[in-house]
Number of protein chains: 2
Amino acid sequence: MAIKVLHIGLGPIGAGVVRQVATRKGFKIVGAVDIDPAKVGKDLGEICGVGRKLRIKVTSDIAKAIKATKPDVAVLCTNSSLKAVVGQFEAVLKLRVPIVSTTEELAYPVKSNAAAARKIDRLAKKAKVAVLGTGVNPGFVMDALPIALTGVCESVTGIEIDRVQDARVRRLPFQQKIGAGLTRAQFMARVKAGTVRHVGLAESITMIADAFGWKLDKVTDIIKPKMTTEAVTSEFMTVEPGLVCGLIQDGIGYQKGKAIITLHMEAYLGAPESFDAVRIKGNPALTMKIAGGVHGDVATASITVNSIPKVMSAAPGLRTMRDMVLPSYFGGK
Amino acid sequence: MAIKVLHIGLGPIGAGVVRQVATRKGFKIVGAVDIDPAKVGKDLGEICGVGRKLRIKVTSDIAKAIKATKPDVAVLCTNSSLKAVVGQFEAVLKLRVPIVSTTEELAYPVKSNAAAARKIDRLAKKAKVAVLGTGVNPGFVMDALPIALTGVCESVTGIEIDRVQDARVRRLPFQQKIGAGLTRAQFMARVKAGTVRHVGLAESITMIADAFGWKLDKVTDIIKPKMTTEAVTSEFMTVEPGLVCGLIQDGIGYQKGKAIITLHMEAYLGAPESFDAVRIKGNPALTMKIAGGVHGDVATASITVNSIPKVMSAAPGLRTMRDMVLPSYFGGK
């Protein structure tokens, strides 16, 4: 029996999830919701670039969509901010539908989101369904995968994770999110406003610390611009010398004044090599590298779709990648 | 509260587990069992090279040891063969104690072990406790970790895993198990007798196939000697030119005549580079490498110890690394 999926949120990530669910074995799309008036009433396949009509009309009301389509699971890809989406989770959970979400702050709720996370956990338990926050980052390359690697360690005294991405091959919203094309002053203003940033380093650091049983004194998250000295061009823009071509972001978890969890991200147009790397200090010390890195857009949609069957059999409540069963590609059945 | 651990089997792996449990936070050793008369009655710390007495006498009867020590969990490291250890599992499960075991064939029971696995699953469910088969290989580097990596894949069409180890730094029983120092004829005779081999490739292949929802037509497991052309020396032996210095073992899972899961192992004295590598064919294609590889002995003991708290909260029955929560280093609490 195919799993009946309702899609909530049809931005770039939500649309990527729709394209996979529409074509991969084991799933059946039953409905789609978005608040954008330009999308409501249109065919889901056309909105999401599936390349064919899906005969599913986009609607704007979550509760009505669930009642009309009786989904087995909802995929929610609307916003990075947990507080912004609590109401959406509530609407779904009141109708007892499990949820997989790419909401970055849900991947591992930090203190400032604890109240919202508790509310979602309570609603999910009441509904006897599971809710999972997942994604590639946060959710995998800078937390779940490095955590899994330490499963073979007798001791861990520190962990360093690098994620370097050449943003030239990424979508336009991503290039904008990392500040490409801005002046240094514009970049810093947007960092201050919170519109230029990667969301998730504090979440990943907290997930790692909790997995190891570590107490942290302090978590920092610092964003700097990467300036280009020569013109660099993507499909969408050219950045002239002296302007920002992307960001460098460092998240650090400290214990007794010592950096013991170090997450280093570089995402800019023209990075010479994309890769994901993990260095575990401990016994055994371990060094892992994914050459070319894990491409964010396809991979985020993939891990969301692969998580669907897992969340349906997970224990009720708010789950994270740390307490879910082992991630895996799902080939359908 | 420290977790009370009973150790069953004090060979090289069991002793490695004892050394970790004796020194890592969060555990308390309450008893130890081995059938070797040379070990029974001795102090566990002396037998296992802990470097100090543990004031635990090794005994020979599992049921008596459990009744006397009331462990929270048993660690069972006695034999690679599942059929050989069913009686030991039964003795533990009758007294309702969860088990973590390094029995290779338990890591993911294949068809020929299905009856024994069903029996252990039934006993565990009756006892309302979980049993986990784990280890580095099988259990991690050639199955669970590569499976986890595919969590970010939209499609997987094939997977190739390499594990290359310079056996010079491994313990003597390992060097013997891979046939180091034998002639080609002796090696082939021992392969036939089943005493020279790595146990676990079929288990790993089956775990991967099941994780992806793949049906395989055929699984092969072929062992060849690695001959040395120059003398090679370890701490324990020198292998002269023309003799076997280790093994090359290939496990392959076929679908419609095509090799879609390929596990390649090289373990011999003098391998120029140790590493673990995974190549996933699919979208995205992924290439991961652990430079230096995951050292088998320390890592097998580590993953066993790290699994103890996880198995205590797992659902009753026979579990595998595929349906357990994400592996992780356990720092105690």
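Think of each chain on its own: its residues are numbered from 1, step by step along the sequence as written. Chain letters and ligand numbers both follow the written order, the letters beginning at A and the numbers at 1. Thresholds applied to this predicted model are a pLDDT of at least 70 for local features of residues and 80 or more for the giving and counting of side-chain atom pairs; totals over whole chains, interfaces and linings are not thresholded and use all residues. Heavy atoms from the whole structure form the basis of all side-chain values; hydrogens and water molecules are not counted.

Caption draft 1: The pairing of strand 13 (residues 275-283) of chain B, seen in detail. All names here are of chain B. Pairing analysis gives 9 bridges linking strand 7 (residues 155-166) to strand 13, with the strands arranged antiparallel. Note that in strand 13 the partner of V164 across the bridge is F275. We call two strands paired when DSSP finds no fewer than two bridges between them. In this text, helices come from DSSP runs of H or I with a minimum length of four residues, and strands from runs of E with a minimum of two, each type numbered from the N-terminal end. Summarising the sheet, strand 13 and strand 14 (residues 286-291) pair through 6 bridges and their orientation is antiparallel. Residue A277 lies in a different strand from strand 14, and its bridge partner there is K289. Hairpin connection, strand 13 to strand 14: the antiparallel pair is bridged by 2 residues.

Caption draft 2: Focus on the domain arrangement of chain A. All names here are of chain A. How far each domain reaches was decided by an automatic or database domain assignment. Domain boundaries in chain A define domain 1 (3-135 + 298-319) and domain 2 (144-293). Between the C-alpha centres of domain 1 and domain 2 the distance comes to 26 Å. By the convention used here, residues are in contact when the closest approach between their heavy atoms is within 4.5 Å. Taken together, the contact pairs 9 residues of domain 1 with 9 residues of domain 2. Values labelled buried area give the accessible surface lost by two parts on being combined, using a 1.4 Å probe and summing over both. Both faces combined, the contact of domain 1 with domain 2 buries some 790 Å², and carbon together with sulfur accounts for 67% of it. Its largest share of buried area at the contact with domain 2, domain 1 owes to E104, Y108 and V110, together 59% of the area lost on that side. Each salt bridge in this description consists of a side-chain nitrogen of Lys or Arg and a carboxyl oxygen of Asp or Glu lying within 4 Å of one another. At the junction of domain 1 and domain 2, the tally comes to 0 salt bridges. N or O atoms closer than or at 3.5 Å make up a polar contact, with two conditions inside protein: a donor-capable atom paired with an acceptor-capable one, and, for residues adjacent in sequence, both atoms drawn from side chains. There are 1 residue pair in polar contact (both at pLDDT 80 or more) connecting domain 1 and domain 2. Among the residues making up the side of domain 1 that touches domain 2, the classes are represented as 5 nonpolar, 2 polar and 2 charged. Each residue receives one of three labels: charged for Asp, Glu, Lys and Arg, nonpolar for Ala, Val, Leu, Ile, Met, Phe, Trp, Tyr, Cys and Pro, and polar for the others, Gly being one of them.

Caption draft 3: Fine view of the side chain of R24 of chain B. Summarising the element assignment, R24 of chain B is placed in the loop between helix 1 (12-23) and strand 2 (27-33). Buried charged residue R24 of chain B carries no salt bridge. Nearest counter-charge: E154 of chain A, at 6.3 Å. Reaching out from R24 of chain B, the side chain makes a polar contact with the backbone oxygen of E154 of chain A at a distance of 3.4 Å. At 2.5 Å, the side chain of R24 of chain B forms a polar contact with the side chain of N306 of chain B. With residues up to four places along the chain from it excluded, the contact list for R24 of chain B reads C153 and E154 of chain A together with S302, V305, N306, Y329 and F330 of chain B. Exposed residues in this analysis have more than 50% of their type's maximum accessible area, buried residues have under 20%, and partly exposed residues fall in between, with area computed by a 1.4 Å probe over protein chains only. For this count, His and the chain ends are skipped, Lys and Arg are scored as positive, and Asp and Glu as negative.

Caption draft 4: Quick peek at a positive patch on the surface. Residue and element names in this part refer to chain A. Together, K94, R96, K126 and K128 make up a region of like positive charge exposed at the surface. Tracing the chain through its elements places K126 in helix 5 (residues 114-127). What makes K126 exposed here is its relative accessible area of 66%. Each patch groups residues whose relative accessible area exceeds 30% and which form no salt bridge, using 9 Å between like charges and 5 Å between nonpolar side chains of Val, Leu, Ile, Met, Phe, Trp and Tyr. A 1.4 Å probe and the Shrake-Rupley method give the accessible areas. Residues count as covered only by the protein chains that appear here. Working definition for charges: the position is that of NZ of Lys, CZ of Arg, CG of Asp or CD of Glu.

Caption draft 5: Examining the packing of aromatic side chains more closely. Each Phe, Tyr or Trp ring (for Trp, its six-membered ring) is paired with any other whose centre lies within 6.5 Å, and the angle between the two planes then decides the class: stacked below 30 degrees, edge-to-face above 60, tilted in between. Applying the stated criterion across every chain, the model contains 6 aromatic pairs over all chains. When the ring of Y329 of chain A is compared with that of F212 of chain B, the centres are 5.7 Å apart and the planes differ by 70°; the resulting orientation is edge-to-face. Placement of the pair is Y329 of chain A in the segment after strand 15 (317-319) and F212 of chain B in helix 9 (residues 201-212), with the two residues belonging to separate chains. For Y329 of chain A, a relative accessible area of 10% gives the class buried. On the basis of relative accessible area, F212 of chain B is assigned to the buried category, the value being 0%. Aromatic pair F27 of chain B and F330 of chain B: ring centres 5.5 Å apart, planes at 65°, arrangement edge-to-face. Pair noted here: F27 of chain B is in strand 2 and F330 of chain B is in the segment after strand 15 (317-319), with a separation of 303 residues, a long-range link. Looking at F27 of chain B, the relative accessible area reads 9%, which means it is buried.

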